[in-house]
Amino acid sequence: MAQIQPEIGEYFQRERPHEQPNLIKGDWNGDGKTDYAAMLQSKSNQEKRITIVLMKSGKTYQTHILGASDCIMSIKRGKKDYDFERKKNFQYKNDAIFDYIWEKAGSSYVWEKGRFRSILTSD
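Parameters and conventions
Residues numbered from 1 in each chain as written. Predicted model: local features only at pLDDT ≥ 70, side-chain atom pairs only at ≥ 80, totals over all residues. Heavy atoms only, no water. Pairing = 2+ DSSP bridges. Helix = DSSP H or I, 4+ residues; strand = E, 2+ residues; numbered from the N terminus. Axes fitted to C-alpha atoms, helices over the stretch in contact; angles between N-to-C directions. Contact = heavy atoms within 4.5 Å.

J.: Please clarify how the sheet that holds strand 10 (residues 115-122) should be interpreted in this entry.
T.: Two modes of strand pairing occur in sheets, parallel and antiparallel, and in both the strands are linked by backbone hydrogen bonds. Across the sheet, 4 strands lie side by side as 5-8-9-10; this open sheet has antiparallel pairing. In this open sheet, the two strands that pair with only one neighbour each are strand 5 (71-75) and strand 10. Neighbour to neighbour, the strand axes of the sheet diverge by 30 degrees on average, direction disregarded. Note: strand 5 against strand 8 (residues 96-101), 5 bridges, orientation antiparallel. Bridging from a neighbouring strand, S74 pairs with I97 of strand 8.

Here you go:
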């Protein structure tokens with residue numbers, strides 16, 4: 001699992017006790033089943049990180065690999081947000097994965113047409 005900066009861990013303990021900054025769950029594709037996302041880092045290079053997404057598919061899980069920054073958070077279906085690249089508001093159709101560069105920027109990964117799409121939602 002990816003190591004997390006102490007101030008991020010403290011924030012999660014205080015504001016998001018339902019999840020960890022490197023392990024979250026949600027329903028990414030809207031099928032009613034619980035899916036997971038875990039942020040991992042390389043043993044030899046701590047700067048090298050990925051987010052592994054496990055999506056329930058029958059009795060097994062589909063695996064997807066996404067980019068990773070400082071931490072991940074879940075975003076609940078129905079939340080409204082802003083797409084900085086398209087310059088417009090939108091509402092999440094399913095739960096989403098927010099990949100955060102701590103106190104700088106972040107992108108939301110949303111499931112569309114059988115794959116994840118990144119939306120710049122924080123600058």
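J.: I would appreciate a short explanation of the environment of F12 in the present structure.
T.: Among the secondary structure elements, F12 is positioned in helix 1 (residues 6-15). The spacing of F12 and M73 is 61 residues in sequence and 9.3 Å in space, taken between C-alpha atoms. Those residues in contact with F12 that sit more than four places away from it in its chain are P17, E19, Q20, P21, C71, I72 and M73.

J.: Just to check I follow, could you spell out unusual backbone geometry for this structure?
T.: Peptide bonds are trans in most cases, and residues, glycine excluded, mostly fall at negative phi. For E103, which is not a glycine, the phi torsion comes out positive at approximately 55 degrees. Following the sequence through the fold, E103 ends up in the loop between strand 8 and strand 9 (105-112). One non-glycine residue, K113, lies in the positive phi region at around 50 degrees. Mapping K113 onto the fold places it in the loop between strand 9 and strand 10.

J.: Teacher, can you tell me more about the environment of K25 here?
T.: Looking at the secondary structure, you find K25 in strand 1 (residues 23-26). For the pair formed by K25 and E112, sequence separation is 87 residues and the distance between their alpha carbons is 18 Å. The contact partners of K25, leaving out residues within four places of it in the chain, are T34, D35, Y36, S74 and K76.

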